[in-house]
Number of protein chains: 2
Amino acid sequence: MADYKLSPFAPDTFPHLPPIKGFAMATAEAGVRYKGRTDLWVLRAEAGTALAGVFTKNLCPGAPVDWSRKALGAETDGPCLVIVNSGTANVFGGQKSRDAVIQTAKGAADVFGVDAETIQLASTGVIGVPLEASKLVDKFPEINKNLRADGWQDAAKAIMTTDTHAKGATAAAEIKGTKVTINGIAKGSGMIAPDMGTMLAYIATDAAISKVALQSMLSELVETSFNAITVDSDTSTSDTLLLLASGQAGNAVCEDANEPCLTGFKQALNAVMKDLALQIVKDGEGLTKFVTVHVSGAASDKSAKKVAMSIANSPLVKTAIAGQDANWGRIVMAVGKAGEPAERDKLSIWMGPHLLAERGEAAPDYTEAQGAAYMKEAEIDIRVDLGLGDGEAEVYSCDLTHGYIDINADYRS
Amino acid sequence: MADYKLSPFAPDTFPHLPPIKGFAMATAEAGVRYKGRTDLWVLRAEAGTALAGVFTKNLCPGAPVDWSRKALGAETDGPCLVIVNSGTANVFGGQKSRDAVIQTAKGAADVFGVDAETIQLASTGVIGVPLEASKLVDKFPEINKNLRADGWQDAAKAIMTTDTHAKGATAAAEIKGTKVTINGIAKGSGMIAPDMGTMLAYIATDAAISKVALQSMLSELVETSFNAITVDSDTSTSDTLLLLASGQAGNAVCEDANEPCLTGFKQALNAVMKDLALQIVKDGEGLTKFVTVHVSGAASDKSAKKVAMSIANSPLVKTAIAGQDANWGRIVMAVGKAGEPAERDKLSIWMGPHLLAERGEAAPDYTEAQGAAYMKEAEIDIRVDLGLGDGEAEVYSCDLTHGYIDINADYRS
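Residue numbers here run from 1 along each chain, matching the order of that chain's written sequence. The lettering of chains begins at A and the numbering of ligands begins at 1, in the order of writing. Local features in this predicted model are restricted to residues of pLDDT 70 or higher, and side-chain atom pairs are both shown and tallied only at a pLDDT of 80 or more, whereas totals for entire chains, interfaces and linings draw on every residue. Side-chain figures throughout are based on the complete set of non-hydrogen atoms in the structure, without hydrogens or water.

Engineer: Explanation requested: the interface of chain B and chain A in the structure shown.
Structural biologist: It is common to give the size of an interface as the accessible area that goes away when the parts come together. Any two residues whose heavy atoms approach within 4.5 Å at even a single point are treated as in contact. In this assembly, 63 residues from chain B lie in contact with 63 residues from chain A. The term buried area refers to how much accessible surface (probe radius 1.4 Å) is lost by two components on association, counted for both of them together. Taken together, both faces of the contact between chain B and chain A bury some 5100 Å²; the carbon and sulfur share is 56%. Salt bridges are defined by distance alone: a side-chain nitrogen of Lys or Arg within 4 Å of a carboxyl oxygen of Asp or Glu. A salt bridge links B:Asp66 to A:Arg344, with the nearest nitrogen and oxygen atoms 2.9 Å apart. Polar contacts, as used here, are pairs of N or O atoms within 3.5 Å; protein pairs need one atom able to donate a hydrogen and one able to accept it. Residues neighboring in sequence count only if both atoms are side-chain atoms. Across the contact surface, chain B and chain A share 13 residue pairs in polar contact (both at pLDDT 80 or more). Numbering goes from the N terminus for both helices and strands, where a helix is a DSSP run of H or I of at least four residues and a strand is a run of E of at least two. When residues of the side of chain B that touches chain A are traced back to their parent elements, those giving at least two are helix H1 (63-73), helix H2 (94-112), helix H9 (315-322), helix H10 (328-337), strand E13 (361-362) and helix H12 (402-410) of chain B. By residue number, the principal contributor to the side of chain B that touches chain A is H10(B), which donates eight residues. Residue polarity is assigned by list, with Asp, Glu, Lys and Arg as charged and Ala, Val, Leu, Ile, Met, Phe, Trp, Tyr, Cys and Pro as nonpolar; anything else, Gly included, falls into the polar class. For the side of chain B that touches chain A, the per-class residue count stands at 24 nonpolar, 22 polar and 17 charged.

If you want it as structure tokens, here you go:
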């Protein structure tokens, strides 16, 4: 792994993620691919933890994704385990990849005393290199000895690949008068695209929530957080988002995700998910600018999101932003190529506070000098109104720069 | 317009395009945007010429596209005219763009003695700047005086924008024993994407062919030529492909496109279209490598083309090629993200003569040294077999380099 220039949006410090009742963790240097850094993280959740998950929609998923999707459905009365390594994605390694997954799960089951079939496995890194499971299994006794409650920052570091910084978020909420905490970590910088379950993100809470309610909230909130970001339109084979609820806060359980008693929790969960998702796109490979694309006036919300993603993924829009060019012509092009209902002569386009174009032509009061000044900002807001209906969506992206080419023409070599 | 580095695939010389009976043309320096070069081309086709055309599927097309789509359906007994300018695309200029189109057509009708409603107009260049029609109209008398039969190379030059060289092709065929000739020119380098009617391409022949047969052949052949290339996945608002047949070769007319008497003509037309399409992608913005992606074993031809385009458009695949990295893991990713039927463990991948992966894992005899040596080539062949059915498709693309970023972060500024 090369040394990448720190993202201009990297936070000054990693946020303080407090210990959460019911969870313990540790990391290790397993030497899967990287030298002199941790690359293995194990999270142990005590018996009674409810799990919810979302996985990549890529049709060539990794062996760990196949395994974990199945494991999510397995029932257990005992503790459960999440094991993540960086360095290789263990994807497209054929039988070797599948064997590595089984070997890892069985090795962990022996050491940590859990059912192998319930273990959540994830691998992230280069595609096409099978995981040497023994490298992980050899480290499990050490990790089992080191398990502790406050290792979130170390965990976030161990799962990084081309990330330029560790990503974490935390929030608190009340459920029926009981305080609960939500911690999350994530990794991701390239191969970040729409229609996914995200890169890797793990969220833990001590709240007591039914598995059904948990999954329902996760699936709903993923659409406006992890599924609303794009770095390069490429959907990873390993995307995984897990939400674990230990129940040890001792709150009274709300069975249904739509009960008012879960409103505060859902808001806090949304804050953590959105924070992590934005940290990923703000660490997009080679970025210099963070871009928010808001589309309104579309035929439907779904249609608005497609148009917004067409803008957010357009190489010509992204390079114009890198060049600090308020090139709204390319936005018109991206609206039109999305294939969704759009009428050129009803279109209006803003960048930040400036109305650039309305009803199909340049706005009379707009000057290129206004656009040029605005495009120097680090955070660019693009707003498009299609003038057709009530559909609305917001997605998050970054510019396309020489840095992206450097990283991806060199990575793996 | 900046000076762009000549494409490494630029031909040494422009091919010899012979005069074609029934067509005359001239170019001029109208000063629409560029200085010291021609930017206006007028092609005059004599009475009796049949026209066929394909236009952009972008839903925010330019005013010239709206006009020309309508003009294609208009009937005339007189000569017909094609007018193309570079410098501005005359797109998204609202009423000003629409007025410019009408003014251009009326001005030309007066000078050249044709029906305004039948004139084919096209503009290419920056989006959002209305055309000053008077700049074109003022040049029409000069152009009318200069009309000549052998101006194809000058025409190809006048319609260039970010192209690094002029693009032309020619072929001959026989129809019922009579020799006919086909000439074509095209322009395009960026904003080149699937599902289009191409950038700008004009093909002329002296063959006598019915309008219906002409359109049928054009629509069929565009799928495997102009609609099978991609530079950056961005679909232009101005794409236009026109085919004009003057009938002056004097061949006996074949009414139906599928008659055996048109087999030779269709092959020659296909050769010209494919040649021009490949010249466009081989002049892709900033490219260093030309990439052919062949997908077989898909559920259908349509499915194969979607998978091939997913590979050809993936920024991660394109940057890997720029970095001379035989990164087949990214090809697996691109197959999976296409959303078409695919099974990881049936997938095989070749680069040039080398089988890199088969049935879901690295091929036993493949070495990284083989891949590294092959990736130094200027023309890269990627073959993927999905192992599912008989569907097959081939598409053409290029790598994604620093040059693309340079051109598109700077263009317009």
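Back to the write-up after that little detour.
Engineer: Hey, could you run me through the packing of aromatic side chains in this one?
Structural biologist: Residue and element names in this part refer to chain A. Classification of ring pairs rests on two measures: the distance between centres of Phe, Tyr or Trp rings, Trp counted by its six-membered ring, which must be within 6.5 Å, and the angle between planes, read as stacked under 30 degrees, edge-to-face over 60 and tilted in between. Scanning the entire structure with this criterion turns up 12 aromatic pairs over all chains. Seen from their ring centres, tryptophan 41 and tyrosine 202 are 5.3 Å apart, and the 70° between their planes marks the pair as edge-to-face. Residue tryptophan 41 is found in strand E2 (residues 40-45), and its partner tyrosine 202 is found in strand E8 (residues 200-205); the two are separated by 161 residues along the sequence. Relative accessibility thresholds used throughout: buried, under 20% of the residue-type maximum; exposed, over 50%; partly exposed, between the two (1.4 Å probe, protein chains only). A relative accessible area of 2% places tyrosine 202 in the buried class. Taken together, the ring pairs in this structure connect Phe9, Phe290 and Tyr396 into an aromatic cluster. Charge-over-ring contacts are defined here by two conditions on Lys NZ or Arg CZ: a distance within 6 Å of the ring centre and an angle within 35 degrees of the ring normal. Note that arginine 383 overlies the ring of tryptophan 350, its terminal NZ or CZ placed 4.7 Å from the centroid.

Engineer: When you look at the packing of H9(B) against H10(B) in this model, what are you seeing that I'm missing?
Structural biologist: Relative placement of two packed helices is described by the angle separating their axes and the distance separating the axes. Residues and elements named next belong to chain B. Contact geometry for H9 and H10: axes closest at 9 Å, N-to-C directions at 160°. Our classification of the angle between H9 and H10 gives roughly antiparallel. Both H9 and H10 take part in a crossing whose hand is left-handed. Of the residues in H10, those touching H9 at Leu316, Val317, Thr319 and Ala320 are Arg330, Ile331, Met333 and Ala334. Of the residues that constitute the contact of H9 with H10, the class distribution is six nonpolar, one polar and one charged. The convention used is that axes are lines fitted to C-alpha atoms, helices contributing only their stretch in contact, and that angles between N-to-C directions extend from 0 to 180 degrees. Any angle between 65 and 115 degrees counts as roughly perpendicular, while under 35 counts as roughly parallel, over 145 as roughly antiparallel, and the rest as oblique. Crossing handedness is read from the near helix: turned anticlockwise from the far helix by less than a right angle, it gives a left-handed crossing, and turned clockwise, a right-handed one.

Engineer: Help me out: how do you make sense of the pairing of strand E5 (residues 120-126) of chain B in this one?
Structural biologist: Side chains on a regular strand alternate between the two faces of the sheet. Residues and elements named next belong to chain B. Summarising burial for E5: seven of the seven residues are buried, a large majority. Paired strands, as defined in this entry, are two strands with at least two bridges between them according to DSSP. Note that strand E4 (residues 80-88) and E5 share seven bridges and pair parallel. Of the residues in E5, the one forming a bridge with serine 86 is threonine 124. As a crossover connection, the stretch from E4 through H2 into E5 is right-handed. By definition, the crossover connecting two strands over a helix is right-handed if that path, from the first strand to the second, turns clockwise as seen with the strands pointing away from the viewer.

Engineer: Is there a simple way to explain the sheet that holds strand E8 (residues 200-205) of chain B in this structure?
Structural biologist: Sheet strands line up and pair through hydrogen bonds in the backbone, either parallel or antiparallel. Residue and element names in this part refer to chain B. The five strands are arranged E3-E9-E8-E7-E6 in an open sheet whose pairing can be described as mixed. Each edge of the sheet is formed by a strand with only one pairing partner; in this case those strands are strand E3 (50-55) and strand E6 (167-175). For this sheet, the mean inter-axis angle between neighbouring strands, taken without regard to orientation, is 15°. Bridge analysis of E3 against strand E9 (residues 240-245) gives six bridges, and the strand direction is antiparallel. Its bridge partner lying in E9, phenylalanine 55 is registered against threonine 240. Here H1 sits on the sheet and contacts E3 and E9; the angle it forms with E3, its principal contact strand, is near 145°. Lying over the sheet, helix H7 (residues 263-281) contacts E6, strand E7 (178-187), E8 and E9, oriented at roughly 170° with respect to E6.

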